Amino acid sequence: MSSRPSRAHGFRPDIEGLRAVAVLLVLAYHAGLPVPNGFLGVDVFFVISGFLITGILVRELGSTGTISWARFVGRRIRRLLPAAALVLVVTAVVAYLVVPGLRRREVGTDVAGAALYVVNWVLAHRAVDYLAADSTPSPVQHFWSLAVEEQFYVVWPLALIALAWGVRRLRRTQRAPSPAAVGGLLAVIAVPSFAYAVWLGAVDPARAYFVTTTRAWELGVGAGLAVWAHARAGRAPAPAADLPAAPDAPTGPLATAAVGWVGLVAVLGSAFWLPPHAVTPGPWTLVPTLGAAAVLYAGWAGVPTGPVRVLGAAPMVWVGGLSYSVYLWHWPVVVLADWAADGLDPWVRVAVVAASLVPAWAGHRFLEAPVHHSRVLATRTRPVLGLGLALSLAGALAAVPLLRVQSPFRTAPVAGSTPTPDALGAATLGAEPTGDASRFAVDDWEWLTPDPQLAGKDRPAADVDHCQVDRLAREPVRCDFGDPAGSRTVALVGDSKAMQWLPAVEALAARHGWHVVTYGKSSCAFARGHAQQAGEPYEQCDAWNAGVMRRLRADPPDLLLTSSYATTAWDGGRPSRDALVDGLAARWSEVRALGVPLAVLGDSPLSPDDLDVCTARHPHHLTLCSFDRAPAVEGSGLPVQRAAAAAAGVELVDLTDWICPAQRCPVAIGHVTVHRAGDHLTATYVRTLAGVLGRALEAHLGERAGLR
């Protein structure tokens, strides 16, 4: 993606055509066309880049004994930064105009990360950050692959320079390192990277997708081919594809052509089909990457009957020449058009992707190509390095206005102090929450706490303090709240939908002298049997459940409270609602058999993740952001909890009427924002539910709840 072969060493139409295949697959995938794995085009780009850039490096290493890192970086700057900086600046300006509310801050963070070529790590953190559950695709998300490449090409030339220095010191010779030594160094980088990709892809695929350490091996595939080709031919990777085959090629023309065609079929076939649960990067990523390497090998060998017959066609070469610019422009155009139109119909999305070719062509014609092929800049390394610094700073500075956006909401009264929780939120509904709708059907609140634009950060201490272990953890972590010397111990156990009740439980603990302990795990219900996640067995949840029960048996609490969002469990072959009902009932009965009173806190209604977007667009008409109660309840974990509670004969505390007291659930009640992104309640609103929860527990459990 990031380089084209030197004109001095021949034009490779097959490479341009392979670039065209890669970018067209990505475009088809982002356009919503039936190319389910079109994102693998990026993996093809990695192989091409590894092949071309390493060819340049080993040629210089062989002729001079070392590498000029400054000249190498200068070439990358001329090739990449002008077009990238233009896209980032334009994206930042348009995002400021069309992205609503404080979502612009997230875009600003990404633009700055992209300008500094670290956005892949920003996205990797967000992918596993529970606080970022409401994140939407960034208009510069596609810069992650450019960041991976450039990070690799900071390390790889420096590693080669260090290798050359070491060879000179050990052998006391000016000769360049042998291809075998270069290949060995590459293996030290690529083999562990592949192993790490296989491991992390299995346990945390969201993070594995973005990080450089799981992608370096893909660049290494192309790099390895370049090193091998350099050793076989005694020169840089192939001249023009219409020249005779390399005399040192190990296969004959027919076999070489067949290898190339099989490789092209592998690239295209993997874009349309992979096993249902294949994870990339991982073992299945070998199909498109080795396929791309096979195509490059056939082109290097120069066989005219290979894939170059198709890839070298004029339209393919033209698209390949535009591929970098097309890749840069298409995704911001799609995402920003989606924001501007508040959603795109499928065929409109296809049209928008097609329209992105216009700015891509213009950027390539009038900026990218002139700078890249400038004879003046090619001979001036220091000015080019200065240009690179200036362009990176320009991209980062374009993010500043996005980062400084302010919310339209006030979080405290204009005059006087903010009322206490027992005079806010649910406390304003009285004993009959479904009564007068005027108490919560308000369009324009004078003030709201927390700010609806920042409600996602209003979280319970068990979440913020990392007491809730992540999806990969198998062992439970206990956290303590309330009175350490309290006469009663109350355990709160479950997933994040259980932990969201902690603020109310803490308020009750302060009133009644409770010692509160929590055991929380992301996306894991407190149930027997086998959990599932994304249609697969969730073994870490099963192990965590067993660990929690060991601790409860060793030190039983006086009361256990639990909740969860889960709607299915694993029945041995598929996700099943009945399996979860049975598992919940069995676990709750097991706890009661220990002599521990148990109450199930009914799951809160399923809330939209984009309420902050709606409130940003309608800050003075908030009733437009309310949502229907019936589907919100049906989509939550409450129906399953009701069935399991009936089966086990345990108490279910359903506070839905105090969360959604009408047919449409409001954004705010009593000056308090009710929901936060990721289908949770704000900690502030839960705190106002303390009195309601206390009365419900007393009614259901009496003295066993420790409330009398």
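Please refer to the structure higher up on the page.
Residues numbered from 1 in each chain as written. Predicted model: local features only at pLDDT ≥ 70, side-chain atom pairs only at ≥ 80, totals over all residues. Heavy atoms only, no water.

**Looking at the side chain of threonine 91**
In plain terms, the rule: Only runs of H or I of at least four residues qualify as helices and only runs of E of at least two qualify as strands under DSSP, and these elements are numbered from the N terminus. It only takes one pair of heavy atoms within 4.5 Å for two residues to be counted as in contact.
Mapped onto the elements, threonine 91 comes out in helix α3 (residues 69-98). Contact partners of threonine 91, with chain neighbours within four places excluded, come to Pro139, Val140, Pro332 and Leu336.

**Examining a nonpolar patch on the surface**
Note the threshold: Patches in this entry comprise residues that are over 30% relatively accessible and not in a salt bridge; like charges within 9 Å are linked, as are nonpolar side chains (Val, Leu, Ile, Met, Phe, Trp, Tyr) within 5 Å. Surface exposure here means Shrake-Rupley accessible area, sampled with a 1.4 Å probe, where a residue is shielded only by the protein chains that are shown. Note on definitions: salt bridges are taken to be side-chain nitrogens of Lys or Arg within 4 Å of carboxyl oxygens of Asp or Glu.
A cluster of nonpolar side chains, namely Leu86, Val89, Val90, Val93, Val94, Tyr96 and Leu97, defines an oily patch on the protein surface of about 550 Å² accessible area. Position of valine 90 relative to the elements: it lies in helix α3.

**So, the side chain of threonine 256**
As a reminder, the rule being used: Summary of the burial criterion: residues with accessible area below 20% of their type's maximum are buried, those above 50% are exposed, and those between are partly exposed, where the area comes from a 1.4 Å probe applied to protein chains only.
Looking at the secondary structure, you find threonine 256 in helix α10 (residues 253-272). Classification of threonine 256 by relative accessible area gives buried; the value is 1%.

**Some words on the nonpolar core**
Here is the rule we go by: Here, nonpolar core refers to any group of buried Ala, Val, Leu, Ile, Met, Phe, Trp, Tyr and Cys residues whose side-chain atoms link them within 4.5 Å.
Leu18, Phe143, Trp144, Trp156, Val182 and Leu328 are the most contacted members of the largest nonpolar core, which has 119 residues in total. In this structure, Phe440, Trp447, Leu492 and Leu689 belong to the second largest nonpolar core, which totals 42 residues.

**Considering the packing of helix α22 (residues 539-554) against helix α23 (residues 577-593)**
Quick note on the threshold: Angles run from 0 to 180 degrees between N-to-C directions of axes, and those axes are lines fitted to C-alpha atoms, restricted for helices to the stretch in contact. Convention used here: angles under 35 degrees read as roughly parallel, angles over 145 as roughly antiparallel, angles from 65 to 115 as roughly perpendicular, and any remaining angle as oblique. When the near helix sits turned anticlockwise from the far one by under a right angle, the crossing is termed left-handed; a clockwise turn instead gives a right-handed crossing.
Packing of α22 against α23 leaves a shortest axis separation of 11 Å and a crossing angle of 15 degrees. With respect to α23, the element α22 is oriented roughly parallel. α22 and α23 meet at a crossing whose hand is right-handed. On the side of α22, the interface is formed by Asn545, Met549 and Arg553, while α23 contributes Arg587, Glu590 and Val591.

**Digging into unusual backbone geometry**
In this structure, the amide linkage connecting threonine 280 to the following residue, proline 281, adopts the cis form with an omega of 0 degrees. Residue placement: proline 281 occurs in the loop between α10 and α11 (286-301). Omega for the bond connecting threonine 449 with proline 450 falls within 30 degrees of zero, at -5 degrees, which places this linkage in the cis form. When you line up the elements, proline 450 lands in the loop between α18 (400-403) and α19 (461-464).

**A short note on the state of the cysteines**
What counts here: Any two cysteine sulfur atoms within 2.5 Å of one another count as a disulfide.
Taken as a whole and judged by the stated rule, the model has four disulfides. Here cysteine 467 is linked by a disulfide to cysteine 479, with a sulfur-sulfur distance of 2.0 Å. Sign of the S-S torsion, about -95 degrees for the bond between cysteine 467 and cysteine 479, identifies this disulfide as left-handed. Here cysteine 467 is found in the loop between α19 and β1 (468-469), whereas its partner cysteine 479 is found in strand β2 (residues 478-482), with twelve residues between them in sequence. The class for cysteine 479 is buried, based on a relative accessible area of 13%. With its sulfur 1.9 Å from that of its partner, cysteine 660 forms a disulfide with cysteine 665. Between cysteine 660 and cysteine 665, the S-S dihedral sits near -95 degrees, and the bridge is therefore left-handed. You can call cysteine 660 buried: its relative accessible area is 0%. What links to what in the protein: the bonded cysteines, counted in sequence order, pair as 1-2, 3-4, 5-6, 7-8.

**A look at the pattern of salt bridges**
Enumeration according to the criterion identifies 23 salt bridges in this entry. The salt bridge involving arginine 71 is made with glutamate 60; its shortest N-O contact spans 3.3 Å. Here arginine 71 is found in helix α3, whereas its partner glutamate 60 is found in helix α2 (residues 41-64), with eleven residues between them in sequence. Taking relative accessible area as the criterion, glutamate 60 reaches 12% and is therefore assigned buried. Arginine 642 is the partner of aspartate 654 in a salt bridge, and the nearest nitrogen-oxygen pair spans 3.1 Å. You can see aspartate 654 sitting in the loop between β12 (651-653) and α27 (656-659) and its partner arginine 642 sitting in helix α26 (residues 638-648), a full twelve residues away along the chain. Taking relative accessible area as the criterion, arginine 642 reaches 40% and is therefore assigned partly exposed. Salt bridges linked by common partners bring Arg528, Arg553, Arg587 and Glu590 together as one network.

**A few points about the pairing of strand β10 (residues 598-601)**
Note the cut-off: Think of it this way: DSSP has to see at least two bridges between two strands before they count as a pair.
Of the two faces of β10, both are covered, the one formed by Leu598 and Val600 as well as the one formed by Ala599 and Leu601. Looking at chain direction, strand β7 (residues 559-563) and β10 are connected through three bridges and run parallel. Each bridged residue has a counterpart across the sheet, and for leucine 560 the counterpart in β10 is leucine 598. One ladder, built from three bridges, connects β10 with β12; its direction is parallel. Across the sheet, the residue bridging to alanine 599 is glutamate 651, located in β12.

**Details of the pairing of β7**
Judged by how many residues are buried, β7 sits mostly within the fold: five of five residues are covered. Of the pairings in the sheet, the one linking strand β3 (residues 488-494) to β7 comprises five bridges and is parallel in character. Residue leucine 492 lies in a different strand from β7, and its bridge partner there is leucine 561.

**Comments concerning helix α4 (residues 103-115)**
The line we're drawing: A helix is expected to span 1.5 Å for every residue after the first.
Taking 1.5 Å per residue as the helical rise, α4 with its 13 residues ought to reach 18 Å, and the 19 Å between its terminal C-alpha atoms agrees with that figure. Here α4 lies mainly inside the structure; ten of its 13 residues are buried. Three or more residues of α4 are buried, namely Arg103, Arg104, Val107, Gly108, Asp110, Val111, Ala112, Gly113, Ala114 and Ala115. Of the residues one or two after α4, tyrosine 117 is the one with positive phi, at around 60 degrees.

**Here's the deal with the packing of aromatic side chains**
Going by this rule: Note on aromatic contacts: the rings of Phe and Tyr and the six-membered ring of Trp form a pair at centre separations within 6.5 Å, being stacked when their planes are under 30 degrees apart, edge-to-face when over 60 apart, and tilted otherwise. Only lysine NZ and arginine CZ atoms are considered, and such an atom sits over a ring when it is within 6 Å of the ring centre and within 35 degrees of the ring normal.
Under the defined criterion, the tally for this structure stands at 17 aromatic pairs. Plain terms: the ring middles of phenylalanine 39 and tyrosine 209 are 6.4 Å apart, the flat faces sit at 70 degrees to each other, and that makes the pair edge-to-face. With phenylalanine 39 in the loop between α1 (13-30) and α2 and tyrosine 209 in helix α8 (residues 205-210), the pair connects residues that are 170 residues apart, well separated along the chain. The exposure classification of phenylalanine 39 matches that of tyrosine 209, with both residues buried. Aromatic pair phenylalanine 194 and tryptophan 217: ring centres 4.9 Å apart, planes at 80 degrees, arrangement edge-to-face. Within this pair, whereas phenylalanine 194 is found in helix α7 (residues 179-203), its partner tryptophan 217 is found in helix α9 (residues 216-233), the two being separated by 23 residues in sequence. Classification of tryptophan 217 as buried rests on a relative accessible area of 3%. An aromatic cluster is present here, built from Tyr29, Phe39, Phe46, Trp144, Tyr209 and Phe210 joined pairwise through their rings. One Lys or Arg, arginine 76, reaches over the ring of phenylalanine 72 and ends 5.4 Å from the middle of that ring. The aromatic ring of tyrosine 209 is capped on one face by arginine 215, whose charged end is 4.6 Å from the ring centroid.

**Quick word on the environment of valine 442**
Examined against the element boundaries, valine 442 turns out to sit in the loop between α18 and α19. Accessibility expressed as a relative area gives 22% for valine 442, which makes it partly exposed. Valine 442 has contacts with Leu622 and Thr623, leaving out every residue within four places of it along the chain.

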